[in-house]
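Below are the chains, spelled out letter by letter.
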Protein chains: 4
Amino acid sequence: MSDIRTDLALEAREILEDRSASQIPGVEADINRDDRDITITRVRVTSNAGETALGKPRGVYVTLEAPNLRDRDPTLEERVSYCLARELKPLLPPINRDFSALVVGLGNWNITPDALGPRVVSKMMVTRHLLKVIPDQVDERVRPVCALSPGVLGITGIETAEIIQGVVEKVGPTVVFIIDALASRRTDRISTTIQISDTGLNPGSGIGNNRVTLDRNSLGVPVIALGVPMVVYATTIVRDALEILSREAPGSGMPREEVIERMVDQVIAKKLGDLVVTPKEIDTIVDDVARILSTGLNLLIHDGVTIDEINRFLH
Amino acid sequence: MSDIRTDLALEAREILEDRSASQIPGVEADINRDDRDITITRVRVTSNAGETALGKPRGVYVTLEAPNLRDRDPTLEERVSYCLARELKPLLPPINRDFSALVVGLGNWNITPDALGPRVVSKMMVTRHLLKVIPDQVDERVRPVCALSPGVLGITGIETAEIIQGVVEKVGPTVVFIIDALASRRTDRISTTIQISDTGLNPGSGIGNNRVTLDRNSLGVPVIALGVPMVVYATTIVRDALEILSREAPGSGMPREEVIERMVDQVIAKKLGDLVVTPKEIDTIVDDVARILSTGLNLLIHDGVTIDEINRFLH
Amino acid sequence: MSDIRTDLALEAREILEDRSASQIPGVEADINRDDRDITITRVRVTSNAGETALGKPRGVYVTLEAPNLRDRDPTLEERVSYCLARELKPLLPPINRDFSALVVGLGNWNITPDALGPRVVSKMMVTRHLLKVIPDQVDERVRPVCALSPGVLGITGIETAEIIQGVVEKVGPTVVFIIDALASRRTDRISTTIQISDTGLNPGSGIGNNRVTLDRNSLGVPVIALGVPMVVYATTIVRDALEILSREAPGSGMPREEVIERMVDQVIAKKLGDLVVTPKEIDTIVDDVARILSTGLNLLIHDGVTIDEINRFLH
Amino acid sequence: MSDIRTDLALEAREILEDRSASQIPGVEADINRDDRDITITRVRVTSNAGETALGKPRGVYVTLEAPNLRDRDPTLEERVSYCLARELKPLLPPINRDFSALVVGLGNWNITPDALGPRVVSKMMVTRHLLKVIPDQVDERVRPVCALSPGVLGITGIETAEIIQGVVEKVGPTVVFIIDALASRRTDRISTTIQISDTGLNPGSGIGNNRVTLDRNSLGVPVIALGVPMVVYATTIVRDALEILSREAPGSGMPREEVIERMVDQVIAKKLGDLVVTPKEIDTIVDDVARILSTGLNLLIHDGVTIDEINRFLH
């Protein structure tokens, strides 16, 4: 099994290729840098070998990287939302008259960096009940959407998967979107990288710590996962710094990478424990990211609506 | 059918007895004023006639009235919690080793007076997952409790009943507690009156506006409802004032009660619409009431725990 | 002295004219209904007689009434903001290069209907420090603005006036804007009526209960007050209903208005006490109103900026 | 001038003694480990030499370290509050009939780790107005306290010092307490270390970034500062890890400390920038710490009140 601890397929692949200095069988990747501010990497895991190497199930993983999101530029945020909608589309069944979506926001709303999912849910254009009760008054571009933040095990005492399975059985959506905050290996990925995939969410992924996989298998319908790194392990900060030193200060006498890895595991992990850290400004960051994701989903699902129309609906 | 619009069986009965000046068949009531600060009224609806007269399904309705709760005295609040636990017990199946509870907080957490249910849920000792994973580390008095705030139709696009049914099927609790904010006919009942019943929640009851009855029928297990008036209709303020004037200022030339009723319906309702009002200090009120209810439930379910132990658990 | 208890000069005048069936000396009024959705009433108190009659100090009171604000239409909200800016302008000293403003949000941020002032403050384009430190990077249309929510006596233990005087002395603004939530006599005025005046805030006005007048006298600079009714006294609901009945149901045998007034004072006030009520949806209402006021002020002060530029600044 | 960047005198001294391997002239320290869970270090800076060496102004710095606060044990939290009250007392003027206090909570309430000060303020027994208006109804142990959270420059446009000076001039307290969130060099100090001092707050200290020193000089009355580390610089995590490695993995070939320092400054700082991180659970952490500090202050000022009485007052 893979020893790579990261929620991002992108990072798993980077690490692996760094190590093996060659392409990994069963893992295809292409990178698109057409847009000056947004880099799109599509990783496709196509075989058992790829699954084992990457520690990720078979499927498509698309990553949007937009480091300038740090600057909180509304124009870039909107472009990322449009880009997100465009990249999600090929992963979905056709958005026709029978289409309906359930949006699930994982995570604990009482812990700011973990509240990304619930905040996306709170910004979705929820329309399923309107289309049932007053279909004539609803714009024809609007598709039925319902949305739920199931909370976390510590709050509800119920496995998240149990709640979602129960609801999916009652509601019967065409597709389920699952949003979660992720942990990254690199601090500069916090809030600037979006990973989408058609594989659902793996057990233990995310910082919400959900134990049962939420995927087409367990839920019976296609499951699209959207994740954004909101935290890093303190140990990863150290590990990365050591690697940088090893690479960029070669004359300094820093030990080789394997030695560093072992040192971090033995010495640092004991001191820092499983301390997970997040930027001090996380309150505004999580709101910005939630808006980018929800706008992308709203643009995608309700084909042809504009950002102005979305804002007016949510007003 | 009954034309009486109130969520409180107590009020329905009062109005009816006022009108008929006699006891209603199929409706039994006893009042307990042993405690100087807390009046307990038990109304039992035992026949179709009683159901029709009162507009409430067959079952037991217990009301705790503690007007001094207004003063925010912590000692009285704790006594009401103990009293609530004592009055709930006879409505429940035995709290033995097989007992487990699901606590459901109805209402919209974005509207303060409607957030009572969700706030009770946030103060419950949630233990089901602990008893599953680390049963040896859990005090033997603790019973499995899980808790959920399903939101409202406008937020989720899903009928509340659908969500709860889905979860009940997965979790299989012995009993479901449902908490909701109520509308009362009298402003002085806001936050000082607690109604509990074994009939679940009727369609249209509460200010959460749930359309499907949540009861033993629809959920398959006993359902205990807890409600506290948090709002009044502006029209009821007027109606009550007119009745007071009619009664207490007899020489004033005020018209008879039936005339007043008709006038209110025709003239006032049009002007005030369905304006629902709540005290300006509702933010603190809803927190106080939520703590009283959650403490009562925690005392009831985990037999023998003290308020200190509850507070420490929730800390 | 006046026996009229209302924060709105408009209401005081209405009541008075109803009573006297004639114009009041020292009180001039003109009404502008050019705009189909916004009625503007300008009341000018010009003499001691006017002050006594109206119970309001000499000065200009402008009221914007827009009942359709209830519908939460963003376009109307923006029009009200523009209208507010236009009506405020004649009350101010010239907005030239030397102009600077302090915006004060009165009220208790822990009590939703009372939080209007603090929420307006949180949406102001605060620029004073930028113009001091990085003047070259600030758009030339931008004037120096600082803003403060001093809290209420019960929270700080300090008279609001003391805090504001202290800050005005240090900061030396050209003008002080003071925002407060008001109490109205009519429920339909809640959140749909804006009163502005150049007289500051009278003692006992508003629901924030500030004891020292905040005006040019006590602060040493022009003081412009902006107030919006967010609560009504429960007794006023009753009083209004009785008056409506008296007027619209003449054959019903309702007593005359003076009798009603007395009855309300004697009977109802005792029962309802000083219960102040607010709509159940106050959480969203106060946010909407705060945005309307802050946008109006931002448009006014930073001459030529657009709503889009304001939103981008506040993002 | 000192090149040591830390808000804690304790840390400054540690670093210095590590470097010089000897005592620093003008800096006296004693450590008290009587209590098994709380270590108290008193650092006294007594000369210009000490000031220069430590980069801290002359005065007393007391540090309470209670690593077990991590476990959120209410009993330990109360003991720390009592200990805090005891250590603060010698720094104050006598708490007699003329004593009065102003408690100032620095920091931005919109950024969770920076909200420590404002949250302490919100938990203070504010009594000044009661003692003015209804002195007969106030317990004789109660002293006049007022409290203010002035916000930060970016929110108000006003230098924090200007607001506080203005208020101090109006209110005239015997002593000013200033609470602020600090930055530490060590992650394990977050929320477990409290620093108090009689020197006020230095420019640039704290994460609130206040530019004018708040001390007896600028405010005219004794100023007691209370600070708790709530954030660390990401670079300090790396620096500490490297030092640990250097020390605890001596055979690993890690470079000497000075080399590490330089490497961090040159390589890491560029990559991590001034990223300030905080634990993911900061929302609950900041509430816990605020309660510990406010309880300590309430116990100190209102001599003889119990924690139960404080909780009842604040209820």
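Refer to the preceding data block for the structure.
Overview of the structure.

Parameters and conventions
- Residues numbered from 1 in each chain as written.
- Chains lettered and ligands numbered in written order.
- Predicted model: local features only at pLDDT ≥ 70, side-chain atom pairs only at ≥ 80, totals over all residues.
- Heavy atoms only, no water.
- Buried < 20%, exposed > 50% of the residue type's maximum accessible area, 1.4 Å probe, protein only.
- Helix = DSSP H or I, 4+ residues; strand = E, 2+ residues; numbered from the N terminus.
- Pairing = 2+ DSSP bridges.
- Least-squares fit on C-alpha atoms with pLDDT ≥ 70 in both.
- Contact = heavy atoms within 4.5 Å.
- Salt bridge = Lys/Arg side-chain N within 4 Å of Asp/Glu carboxyl O.
- Polar contact = N/O pair within 3.5 Å; in protein donor to acceptor, adjacent residues only side chain to side chain.
- Nonpolar A, V, L, I, M, F, W, Y, C, P; charged D, E, K, R; others polar.
- Axes fitted to C-alpha atoms, helices over the stretch in contact; angles between N-to-C directions.
- Parallel < 35°, antiparallel > 145°, perpendicular 65-115°, else oblique.
- Left-handed = near helix turned anticlockwise from the far one by under 90°.

### Here's the deal with the pairing of strand β6 (residues 175-184) of chain D
Residue and element names in this part refer to chain D. Most of β6 is tucked away, with 10 of its 10 residues classed as buried. With burial as the criterion, each face of β6 is covered, one bearing Val175, Phe177, Ile179, Ala181 and Ala183 and the other bearing Val176, Ile178, Asp180, Leu182 and Ser184. In this sheet, β6 lies alongside strand β4 (residues 101-105) in parallel orientation, the contact comprising 5 bridges. Each residue of the ladder has a partner; that of Val104, found in β6, is Ile178. Here 9 bridges tie β6 to strand β8 (residues 223-233), and the two strands are oriented parallel to one another. Residue pairing in the sheet places Val176 in a bridge with Val223 of β8.

### Considerations on the relation of the copies chain D and chain C
The transform that puts chain D on chain C rotates by 180° and translates by 0.0 Å along the axis, for an RMSD of 0.1 Å. In symmetry terms, the pair is related by a two-fold rotation axis. Looking at the rotation axis and the C-alpha trace of chain D, the residue lying nearest is Gly166(D), at 2.0 Å. Residue by residue, 100% of the interface of chain D is reproduced at the interface of chain C, so both copies engage with the same surface.

### A look at the interface of chain D and chain C
Where interface size is quoted, it is often the accessible area lost as the parts come together. Listed per partner, the contact involves 23 residues of chain D and 23 residues of chain C. Notably, a salt bridge pairs Arg128(D) with Glu162(C), separated by 3.6 Å at the nearest N-O pair. Linking chain D to chain C there are 6 residue pairs in polar contact (both at pLDDT 80 or more). Secondary-structure elements contributing two or more residues to the side of chain D that touches chain C are α5 (128-133), β5 (145-148), α6 (153-156) and α7 (160-171) of chain D. The element contributing the most residues to the side of chain D that touches chain C is α7(D), with 8 residues. A per-class count over the side of chain D that touches chain C returns 12 nonpolar, 6 polar and 5 charged.

### Thoughts on the packing of helix α3 (residues 74-88) of chain A against helix α11 (residues 282-301) of chain A
Residue and element names in this part refer to chain A. Relative to each other, α3 and α11 sit at 45°, their axes nearing to 8 Å. Viewed along their axes, α3 and α11 adopt a mutual orientation that is oblique. Of the two elements, α3 crosses α11, and the hand of that crossing is right-handed. Residues Glu77, Val80, Ser81, Tyr82, Leu84, Ala85 and Leu88 of α3 form the contact with α11, whose own contacting residues are Asp288, Arg291, Ile292, Leu293, Thr295, Gly296, Leu297, Leu299 and Leu300. For the contact of α3 with α11, the per-class residue count stands at 10 nonpolar, 3 polar and 3 charged.

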